[in-house]
Amino acid sequence: MSEAPRIPGIRPAAPRLLQSAGFRFALLFVAIFSVAAGFLVAVLWWATAGALDRQTIASIRTDETTLVERFREQGTTGLIEGIEERLALDAQNEAIYLLTDENGRRIAGNLRDWPTAIGEDGAWFRTRIQHDGAVAEARVHRRDLPGLRLLVGRDESERVQLRLLLTEGVVWSLGAVLLFAGVGAALIRRALQARMRPAVATALGIAGGDLSHRVPISGQGDEFDRLGATMNDMLDRIAALMAGLRSVSDAIAHDLRTPIARARAKMEESLTTASGEPELRAAMEEGIADLDNITRVFQALLRIAEAEAGARRAAFAPLDLPEVLSDAAEFYEAMAEARDQRLETALPEHLALVGDRDLLLQAVANLLDNAIKFSPPGGVIRLAARETSAQVEISVSDSGPGLSPEDRIYALDRFYRADASRHQPGSGLGLSLVRAVAQLHAGEVRLDDAMPGMDPPGLCVSICLPKP
């Protein structure tokens, strides 16, 4: 049984859940959800149990302050009367008072004995006391007066029960929160795995050598769809490059085989048939010319590869486009005149652009060379440049036979040559270099009829570049 293909850089599935990105996202969801729930519970606790505690402390402080003021104004007798008055008004029987002398003898209050857990002056305590015939939870505060000890507090038995109920509710709530968080995390993990499964399957298929696989798009337009669309674009590009590589390999083998074989045959023939040094030299010169043509083909391929790989982007600099185009027109004007043709230009005075000057000059030179090559005697070649609201357009038009719609589809591919141009010298790399230069500058190449409706229609090649 064959082993399933593995994706380079991705570890195989392991039983440990922490190796699952979906599980880690689920854990993150649980953590965030739990922190939010804990914060909410803390706020509720502070607003309920905390409020009860603050209310009790405030009540004890108020009572104590009032009793101390009364002691200062009326002495021990006034303090005793104040305690008895408060006990008489305590309908809920929650107030706790105890006044003793320095030896601990009870003077007033509703406690019989001084609690043993009460320590130094000014301290707060929670303790169990015997109150109203039963053991109760109480919060008390001690205040020492000259010759006396005062204890003021509140019975918190009901508040303790309420706090226990609140605690129980909080525990059950947190348990429910964790349960829902766990369920939500499991659902999130399953959803992530379900959305990522098609991309993983596609990657496995590609790794297995089948470039026809594509990531299915759900149509929801979310991040996974954008990831899938990006992967599909990448795979389309890879497939196109692979097809181009196969096409280039076939074209090189086909187009270079003939000149290489011809050069070898001429040299071999000259070795056996040459009657003297002049014939041998002529054969060697023809062979060198054939080899030079082969060298030019490889140089053109290298320039195309550099442009497509972006290796020349470091040479980008601001330039004045009409100056570059004028140099190209000046060079090819003499060639056009030699063929009884006319080269016209329509260039603005200034047109700023950022790019590789040498590559742009090479691209325009290729277009002018093709236009002169395919235009008949008396024909007109026109080099123009203009600026629109969004782009800069360089165009070269001729009065030659033009290209049919079928040929335009493949005209920018490497080594492609239309049937009508087979008799012309060339390698079919000129327009490929033009396209590579345009793509390096984030532009495109457009092929149109130079004179629509005319016979022949001619050809207009436009290089459309974004404005700087």
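Quantities reported herein were computed from a predicted structural model and do not represent experimental measurements. (Residues numbered from 1 in each chain as written. Predicted model: local features only at pLDDT ≥ 70, side-chain atom pairs only at ≥ 80, totals over all residues. Heavy atoms only, no water.)

Peer 1: For this particular structure, what's the right way to read the overall build of the protein chain?
Peer 2: Counting secondary structure elements, the protein chain contains 9 helices and 12 strands. Put simply, the protein chain has 468 residues, and 35% of those count as buried. In the protein chain, of all internal contacts separated by at least 6 residues, the share reaching a separation of at least 24 is 61%. When the accessible area of the protein chain is evaluated, it comes to approximately 27600 Å², of which 58% is carbon and sulfur surface. (Helix = DSSP H or I, 4+ residues; strand = E, 2+ residues; numbered from the N terminus. Buried < 20%, exposed > 50% of the residue type's maximum accessible area, 1.4 Å probe, protein only. Contact = heavy atoms within 4.5 Å. Areas by Shrake-Rupley, 256 points an atom, 1.4 Å probe, with all protein chains shown as cover.)

Peer 1: Where do I start with a nonpolar patch on the surface in this structure?
Peer 2: Side chains of Met196, Val200, Leu204 and Leu227 sit close together on the surface and give an oily, nonpolar patch of about 280 Å² of accessible area. Tracing the backbone shows Val200 in helix α3 (residues 157-207). By relative accessible area, which is 40% here, Val200 ends up partly exposed. (Patch = residues over 30% accessible without salt bridge, like charges linked within 9 Å, V, L, I, M, F, W, Y side chains within 5 Å. Salt bridge = Lys/Arg side-chain N within 4 Å of Asp/Glu carboxyl O.)

Peer 1: Could you clarify how one ought to interpret the packing of aromatic side chains in this entry?
Peer 2: This model, assessed by the stated rule, comprises 1 aromatic pair. With a centroid separation of 5.1 Å and 75 degrees between ring planes, the pair formed by Phe331 and Tyr332 is classed as edge-to-face. (Phe/Tyr/Trp six-rings, centres within 6.5 Å; stacked < 30°, edge-to-face > 60°.)

Peer 1: How do you make sense of the sheet that holds strand β7 (residues 342-346) when you look at a structure like this?
Peer 2: By way of backbone hydrogen bonds, the strands of a sheet pair with one another, either parallel or antiparallel. Spatially, 5 strands are ordered β7-β9-β10-β12-β11 in an open sheet, and the strand pairing comes out mixed. Lying at the two open borders of the sheet, with one neighbouring strand each, are β7 and β11 (444-448). Ignoring which end each strand starts from, the neighbouring axes of this sheet average 15 degrees apart. Pairing of strand β10 (residues 391-397) with strand β12 (residues 460-466), which is carried by 7 bridges, proceeds in the antiparallel orientation. For Glu393, the partnering residue across the bridge sits in β12 and is Cys464. Most of the contacts of helix α6 (residues 321-338) go to β7, to which it runs at about 170 degrees, and overall it touches β7, β9 (380-387) and β10. (Pairing = 2+ DSSP bridges. Axes fitted to C-alpha atoms, helices over the stretch in contact; angles between N-to-C directions.)

Peer 1: For this particular structure, what's the right way to read the pattern of salt bridges?
Peer 2: Pairing between side chains becomes possible if they bear opposite charge and their charged atoms approach one another. The final tally for this structure, using the stated rule, is 17 salt bridges. For Arg357, the salt bridge identified is with Asp327, shortest N-O distance 2.7 Å. Here the residue Arg357 occupies a position in helix α7 (residues 357-374), and Asp327 occupies one in helix α6, the gap between them amounting to 30 residues. With relative accessibility at 33%, the residue Asp327 sits in the partly exposed group. Linked through salt bridges whose partners overlap, the residues forming this network are Arg386, Glu393, Arg446 and Asp448.

Peer 1: I keep staring at the nonpolar core and nothing clicks. Help me out?
Peer 2: Generally speaking, a soluble globular protein has its nonpolar side chains buried in company with each other. Counting 41 residues, the largest nonpolar core has Leu321, Leu368, Leu383, Ile394, Leu447 and Ile463 as its most contacted members. Beyond its immediate chain neighbours, meaning those up to four positions away, Leu447 contacts Leu403, Arg408, Ala411, Leu412, Leu459, Cys460 and Val461. (Core = buried A, V, L, I, M, F, W, Y, C linked by side-chain atoms within 4.5 Å.)

Peer 1: Mind showing me how you'd approach the environment of His213 here?
Peer 2: Looking at the secondary structure, you find His213 in the loop between α3 and α4 (223-273). Given the relative accessible area of 32%, His213 is considered partly exposed. Between the alpha carbons of His213 and Ala201 there is a distance of 8.8 Å; along the sequence they are 12 residues apart. Not counting residues within four places of it along the chain, the set of residues in contact with His213 comprises Thr202, Gly205, Ile206 and Leu235.

Peer 1: Can you help me understand the environment of Tyr332 in this one?
Peer 2: The residue Tyr332 is located in helix α6 in this model. Each C-alpha atom, one on Tyr332 and one on Leu343, is 8.0 Å from the other, the two residues being 11 residues apart in sequence.

Peer 1: How should helix α9 (residues 430-440) be read in this particular structure?
Peer 2: In an α-helix there are 3.6 residues to a turn, and that puts residues three or four apart on one side. Across the 11 residues of α9, 8 count as buried, placing the element largely inside the fold. Residues of α9 that are buried: Leu431, Ser432, Leu433, Val434, Ala436, Val437, Ala438 and Leu440. Looking one or two residues beyond α9, the residue adopting positive phi is Ala442, at roughly 60 degrees.

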